[in-house]
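Take a look at the letters that make up each chain.
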Amino acid sequence: MNVKRNLTMLCDYYELTMGNGYFKCGLGDRIVYFDVFYRDNPDNGGYAIAAGLEQIIEYIEDLHFTEEDIEFLRSKNCFCEEFLDYLRAFKFTGDIWAIPEGTVVFPGEPLMTVKAPAIEAQFIETYILMMINHQSLIATKASRLTRAAKGRAISEFGSRRAQGADAAMLGARAAYIGGVGSTACTIVDRDHGVPSTGTMAHSWVQMFDTEYDAFKTYCEIYPNNATLLVDTFNVLESGVPNAIKAFNEVLVPKGIKKCAVRIDSGDVTYLTKKVRKMLDEAGFPECKIVISNSLDEYIIRELIRQGAEVDAFGVGERLITAKSDPVFGGVYKVCAIEDENGNIIPKIKISENVGKITTPHFKKLYRLRDRETGKAEADLLCVYDEEVDDTQPIELFDPQHTWKRKTLTNFKAELLQKKIYEDGKLVYKLPTIHEIRRHCEEEIEGMWDEVRRFNNPHNYYVDLSQKLWDIKHDMIAEHRKIK
């Protein structure tokens, strides 16, 4: 039975203690603005893929405290009764802007902005970060794998190596957004519409008296989806010959040409070249060769470079766990508050570590694309009340090295963030998973090759408007003066 979980209490304890503190000192209703952003691209890559918004919406739509939750919090002897009463009617009443799932994003950009009363905005921090950090990480890894495969199909095979059920399911969802074509996880097909697929295990082959009997039986049961695992004993001496025999005896009489063999071990380049030759000579040029076994984007790229005869890849642990760089590093930082008169007051976090200095204020994010090529040239962060006029030239400058400047002329400016919630009401129409995937494909195509390469990618610029740059550096200077 599919039991719906109430995840309201899936939060950091300090979100509740701060909420209680805000409530007691009269700051609970103060309107605040938080940005969600990350600092570095996974795997030292040139970009990331935004994902996880749909699950955040599901969470906010069901946000409520039960009496059991209230009683548990009372048992902690930490929260005043008035605050517990407040939680009984708790719901999100603020505004949210977010970059749609499947969009290419870069460090320092607000993937999401939350404007809400302080208690509400603080409380949803953990779940927002959990969803964005996990799914953006896996979607980004999947995008890298897909590009390495150069048009060959990839299936996500990682459920059994994932860190728990949710990681398996939402990881497979994110992998599909990033470009993977299918998943081995059946529930993800049912719940998210990601096509499920599968072949056989070595145990199937071992259950029969002979490898040939295992293959023949499988072809008889699944004649239209016969993918045979040929490396249980010996790929070239028994696996492929027995597969060919089974194909000839079961599929050929039915006029079925669709079939495949899968290799899960050994020297893939050598084996697939030999297997391709054997299949072709036996009259099965359309038989696909699928490989698996601890693959990542670098191994896939190298196999293709070596001329391996591979039609599809099954990628497991190194995708579902993003093993090479398993932390996305998104953070949730206050960037502004409103005073009693509704004026927006920018806030900044200063650090000795330059990379941890935040960009203050309620902001807009534009992507500037060349009108002729359609390629993204730069992103521009502005103060909320600024507009970019793309009928006029615009001068951009590097926020760190301000003498580096570039003027764009024939460009189109598009706002990246979309309004998701307004006064606590959902105003965003959720796209289907397939629409998100197509959007991701278009986004990747809209980036220059230099940004997409694996090694030493071009540093895509996320620039600040002059107004925003001035505000940030005036605040830094003021802090130093006070210090």
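Scroll up for the structure.
About the thresholds
Residues numbered from 1 in each chain as written. Predicted model: local features only at pLDDT ≥ 70, side-chain atom pairs only at ≥ 80, totals over all residues. Heavy atoms only, no water. Pairing = 2+ DSSP bridges. Helix = DSSP H or I, 4+ residues; strand = E, 2+ residues; numbered from the N terminus. Axes fitted to C-alpha atoms, helices over the stretch in contact; angles between N-to-C directions. Buried < 20%, exposed > 50% of the residue type's maximum accessible area, 1.4 Å probe, protein only. Arc of directions from axis to C-beta. Contact = heavy atoms within 4.5 Å. Polar contact = N/O pair within 3.5 Å; in protein donor to acceptor, adjacent residues only side chain to side chain. Salt bridge = Lys/Arg side-chain N within 4 Å of Asp/Glu carboxyl O. Core = buried A, V, L, I, M, F, W, Y, C linked by side-chain atoms within 4.5 Å. 1 Å grid on protein atoms, 1.4 Å probe; cavity = no way out; pocket = protein on both sides within 12 Å on 5 of 7 lines; lining within 4 Å. Points joined across faces, edges and corners; volume = space filled by probe spheres on them. Nonpolar A, V, L, I, M, F, W, Y, C, P; charged D, E, K, R; others polar.

So what exactly am I meant to see when it comes to the sheet that holds strand β21 (residues 462–464) here?
What the 4 strands build is an open sheet, ordered β18-β14-β15-β21; its pairing is mixed. Both edges of this open sheet fall to β18 (411–415) and β21, since each of them pairs with a single strand only. Strand after strand, the sheet turns through a mean of 30° between neighbouring axes, direction not considered. Pairing analysis gives 5 bridges linking strand β14 (residues 363–370) to β18, with the strands arranged antiparallel. Paired with Y366 across the two strands is L415, which belongs to β18.

How should I be thinking about unusual backbone geometry in this particular structure?
Peptide bonds are trans in most cases, and residues, glycine excluded, mostly fall at negative phi. One non-glycine residue, N44, adopts positive backbone phi at about 55°. Here N44 lies in the loop between β1 (31–37) and β2 (48–49). For N456, which is not glycine, the phi torsion reads 45° and is therefore positive. By relative accessible area, N456 is classed as exposed at 66%.

What am I meant to see in the pairing of strand β5 (residues 112–117) here?
The two faces of a sheet get side chains in turn, since along a regular strand they alternate between them. Among the 6 residues that make up β5, 5 are buried, leaving the element largely enclosed by the rest of the structure. Looking at chain direction, β1 and β5 are connected through 6 bridges and run antiparallel. Its bridge partner lying in β5, Y33 is registered against K115. Pairing between strand β3 (residues 95–98) and β5: 4 bridges, direction antiparallel. Residue pairing for β5: A98 is matched across the bridge by M112.

What is the right way to read helix α13 (residues 297–305) from this model?
Side chains of residues three or four places apart in an α-helix project in the same direction, reflecting 3.6 residues per turn. Of all the positions in α13, only E297, I300, L303 and I304 are classed as buried. Seen along its axis, α13 keeps its buried residues to an arc of 130°; they face one direction. Here the buried face of α13 lies against α6 (125–149), β6 (153–156), α12 (268–281), β10 (288–291) and β11 (312–315). Where α13 begins, the capping side chain belongs to D296, and its oxygen is found 3.0 Å from the backbone nitrogen of Y298. G307 sits one or two positions beyond α13 and adopts a positive phi of about 85°.

How should I be thinking about the pattern of salt bridges in this particular structure?
It is possible for side chains of opposite charge to pair when their charged atoms get near one another. Applying the stated criterion to the full structure yields 37 salt bridges. Between R318 and D296 there is a salt bridge; the shortest N-O distance is 3.3 Å. Of this pair, R318 sits in helix α14 (residues 317–320) while D296 sits in the loop between β10 and α13, and the two are 22 residues apart along the sequence. What makes R318 partly exposed here is its relative accessible area of 24%. On the basis of relative accessible area, D296 is assigned to the buried category, the value being 13%. Linked through salt bridges whose partners overlap, the residues forming this network are R367, R369, D379, E414 and E443.

Would you explain the environment of Q206 in this entry?
Here Q206 is to be found in helix α9 (residues 202–206). Judged by its relative accessible area of 54%, Q206 is exposed. On a C-alpha basis, the gap between Q206 and E340 in space is 73 Å, while along the polypeptide they are 134 residues apart.

Sorry, what's going on with the nonpolar core here?
A general trend in soluble globular proteins is that nonpolar side chains are found buried together. In this structure, M112, V114, I124, F247, I300 and F313 are the most contacted members of the largest nonpolar core, which totals 131 residues. A total of 12 residues in this core trace back to one element, the largest contributor, which is α6. The contacts of V114, once residues within four sequence positions are left out, are V32, Y33, F34, F92, D95, I96, A121, I124, I128 and Y332. L380, C382, V388 and A413 belong to the second largest nonpolar core, which has 11 residues in total.

Sorry, what's going on with empty space enclosed by the protein here?
Over the atoms rolls a probe the size of a water molecule, and in doing so it shows where empty space is left. Evaluation of the coordinates by the stated rule reveals 2 cavities of 30 Å³ or more. Its volume calculated, the largest cavity comes out at about 70 Å³. Residue lining of the largest cavity: A50, A51, G52, L53, I56, A98, I99, E101, L111, M112, I132 and S136, and that is the complete set. Where the lining of the largest cavity is concerned, the elements lending two or more residues are α2 (53–61) and α6. Split into classes, the residues belonging to the lining of the largest cavity amount to 9 nonpolar, 2 polar and 1 charged. When its volume is computed, the second largest cavity comes out at roughly 40 Å³. G45, G46, Y47, T140, R144, R147, V451, R452 and R453 together form the lining of the second largest cavity.

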